[in-house]
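A look at the structure
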Amino acid sequence: MEREGRAAVLSAPGEPAEVIDIRLDPPGPGEVQVRLAASGVCHTDLSVKSLNGMGMAFPIVLGHEGAGYVEEAGEGVTHLKPGDPVVIAYRAPCEQCPACRRGDPRRCYMALRPKPRLHRKSDDALCAQVLRCGTFATRTIVHAKAAIKMPEAMPLDRACLIACGVVTGVGATMNTSPVWAGARVAVIGCGGVGLSVIQGARLRHASRIIAVDVNPRKLEWAAKFGATDVVNARETDAVTRVRELTDDGWDGGVDFAFEATGIPACIEQAVRMLAYAGTATNIGLPAADDSVTLNLGDMATGFYWNKAALRVSHAGDTLPAHDFPLLAQLYLQGRLDLDDMITRYIGLDHVEDAFHEMETGNVIRSVIRFE
Ligand SMILES: [Zn+2]
Ligand SMILES: [Zn+2]
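Report on the accompanying structure. Treat the numbers as computed from the prediction; the structure is a model and nothing was measured.

1. Here we look at the coordination of the zinc ion (ligand 2)
- For the zinc ion (ligand 2), the full set of protein donor atoms is Cys42 (SG), His64 (NE2) and Cys164 (SG), at a range of 2.0 to 2.2 Å.
- Mapped onto the sequence, the donors of the zinc ion (ligand 2) take the spacing C-x21-H-x99-C. Here His64 is found in the loop between strand 4 (60-61) and strand 5 (66-73), whereas its partner Cys164 is found in the loop between helix 3 (156-159) and helix 4 (165-176), with 100 residues between them in sequence.
- Classification of His64 by relative accessible area gives buried; the value is 0%.
- Relative accessible area serves as the criterion here: at 5%, Cys164 is assigned to the buried category.

Structure representation (C-alpha cells):
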C-alpha cells in the first residue's frame, strides 16, 4: 500500500501554503485511507491561514471539502471497501455526546476524528488536518464514519462541493430552519454558501427568494441559481427594500432570512427584515469579539413585537450519512446545480492563487483536481 503523498501544508503562522511530501501511518481501527480525486477550496481554509491556525498546531494539512476513493479500510470497518467513492464529512456525529445519546445527532457537540497519522516527510512531524479532513492532499486518513459512500454515477469533482459549502447552505433551509412551501426567503451574502441557500430555498418551493449582496456579479449568480429578486445593499437599504418587495398588505418582510457573511451588521439586518414570527439564521463564521445589537421593543421590527427567532446553523446541521447521498441524488436528477458552482479547476500547486481569487470575490469555488 502506498503511504506517501503530496499535500498543501501550512508550516508556521503567517506563511503561505506550501506543497510538500507527506508520509502516512496505516489507517487504525475505524479509519480509512482515501486517495483524493478533488477538493473544493473553501473560505475556512483561508481563515485557518489568516487566523494563524485557528487553534490547531502546526504543521497543518489544509482542505476539508474533498472526495476520493477508499484505498484501505482499517480494522473493524465493514461498510467501506477499497475502491469505494466517498465524500469526506467533517461533522460525522460522535454517537456519545448528550445530543447523540438522546437520538438528536444533528445537534452533536463534536465530531468523529481520526488519530493523527499524517507526517511531514522531511522531519516526520505529525500534521493537524483542517476540520479532521486534510483534503488538499493526494491521500489522507479520516474516520471511516466520516467517509460517506457516493453513487457510482456521481462525478467526484462535483461531489466534493457537497462536503461543506453546499450542505451548509442547503442544509440550513432543510434542517436548521426548514423552509415551508410558499415561504418568503431572503439570503444575505451570495458566495458559495449563500448560493446554496438559494438552491435550498428553491428545492423547498419558496415563493420568493430575495438575494442581497454588494457585488453585482454575485447578484447575477444568485439570479441564475434561483433568486426571484436581487437587492444591491450598496445602492439601497437592504431591510427597507426587502420589506417593500414582500409587502402583501399584511406585514412586509420575509419568513426566513439567511445570513451567509459572518458580518454582525448582516445578522442584525436579517432579523430586521423578518415578517411576524419569522426566523433569521446566522450561518457565517464570526470573529471572536463580534457581537450584535437587536432592538426588542420597536413595534414594527423589534425582536419581541415581531416575535422573531434567531438560529445558528453549523454546516447546515448536517447528518452526512443521510444528507450527502440525498444531495448527490438531487444532483443526478438535475435538481441541484453543482456544475455552475465551480468557477475553475486547479492543480494542488495553485492553492495560494485560489485564496487570492477568493479574496477578489470573482469565484464561487475553485476545485483542486488530483491526477
Ligand atoms: Zn454527538
Ligand atoms: Zn468549508
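And the narrative resumes.
2. Section: unusual backbone geometry
- Here the amide bond leading from Phe58 into Pro59 is cis, since omega sits at -5°, within 30 degrees of zero.
- Tracing the chain through its elements places Pro59 in the loop between helix 1 (43-50) and strand 4.
- Despite not being glycine, Leu131 has its phi angle at roughly 50°, a positive value.
- Looking at the element boundaries, Leu131 is found in the loop between strand 8 (128-129) and strand 9 (139-143).
- Residue class for Leu131 comes out partly exposed when judged on its relative accessible area of 25%.

3. What about the sheet that holds strand 1 (residues 4-10)?
- Overall, mixed pairing links the five strands, which are arranged 7-2-1-4-8 in an open sheet. Of all the strands in the sheet, just strand 7 (118-120) and strand 8 have a single pairing partner and so form its edges.

4. Side note on the environment of Val32
- Note that Val32 resides in strand 3 (residues 31-41).
- Using a relative accessible area of 0% as the deciding quantity, one classes Val32 as buried.
- Here the alpha-carbon distance between Val32 and Val187, two residues 155 residues apart in the chain, equals 37 Å.

5. Some details on the packing of aromatic side chains
- The final tally for this structure, using the stated rule, is three aromatic pairs.
- Ring centres of Trp180 and Phe256 lie 4.8 Å apart, and the angle between their planes is 65°; on these two criteria the pair is classed as edge-to-face. On the criterion of sequence distance, the pair formed by Trp180 in the loop between helix 4 and strand 11 (184-188) and Phe256 in strand 14 (residues 254-259) is long-range, its members being 76 residues apart.
- Ring pairs connect the aromatic residues Trp180, Phe256 and Phe258, which therefore count as one cluster.

6. A closer look at the nonpolar core
- If you look at the biggest cluster of nonpolar residues, it comprises 50 residues, and the most contacted ones within it are Val185, Leu195 and Ile198.
- Dropping the residues within four chain positions of it, Leu195 is found in contact with Cys190, Trp221, Ala222, Phe225, Met341 and Ile364.
- Listed in part, the 34 residues of the second largest apolar core include Val32, Leu62, Val130 and Ile368.

7. A word on the pairing of strand 3
- Within strand 3, ten of the eleven residues are buried, which leaves the element mostly enclosed by the surrounding structure.
- Alignment of strand 3 against strand 9, held across five bridges, turns out to be antiparallel. Along strand 9, the bridge assignment pairs Arg35 with Arg139.
- Looking at chain direction, strand 3 and strand 5 are connected through seven bridges and run antiparallel. Residue pairing for strand 5: Ala38 is matched across the bridge by Ala67.

8. Considerations on the coordination of the zinc ion (ligand 1)
- Protein ligation of the zinc ion (ligand 1) involves Cys94 (SG), Cys97 (SG), Cys100 (SG) and Cys108 (SG), the donor distances falling in the range 2.3 to 2.4 Å.
- For the zinc ion (ligand 1), the four donor atoms in the first shell make angles of 102 to 119° at the metal, so the coordination geometry reads as tetrahedral.
- Donor residues for the zinc ion (ligand 1), ordered by position in the chain, follow C-x2-C-x2-C-x7-C.
- What makes Cys94 buried here is its relative accessible area of 4%.

9. Overview of the state of the cysteines
- Tallied over the entire structure, the rule returns zero disulfides.
- Not engaged in a disulfide, the cysteine Cys160 finds its nearest cysteine sulfur in Cys164; these two sulfurs lie 11 Å apart.
- Looking at Cys190, it has no disulfide partner, and the nearest cysteine sulfur is the one in Cys266, 11 Å off.
- The class for Cys190 is buried, based on a relative accessible area of 0%.

Calculation notes
- Residues numbered from 1 in each chain as written.
- Chains lettered and ligands numbered in written order.
- Predicted model: local features only at pLDDT ≥ 70, side-chain atom pairs only at ≥ 80, totals over all residues.
- Heavy atoms only, no water.
- Donors = N, O, S within 2.8 Å, 3.2 Å for Na, K, Ca; no water.
- Helix = DSSP H or I, 4+ residues; strand = E, 2+ residues; numbered from the N terminus.
- Buried < 20%, exposed > 50% of the residue type's maximum accessible area, 1.4 Å probe, protein only.
- Pairing = 2+ DSSP bridges.
- Phe/Tyr/Trp six-rings, centres within 6.5 Å; stacked < 30°, edge-to-face > 60°.
- Core = buried A, V, L, I, M, F, W, Y, C linked by side-chain atoms within 4.5 Å.
- Contact = heavy atoms within 4.5 Å.
- Tetrahedral: all angles 85-135°; square planar, octahedral: opposite > 155°, others 65-115°.
- Disulfide = S-S within 2.5 Å.

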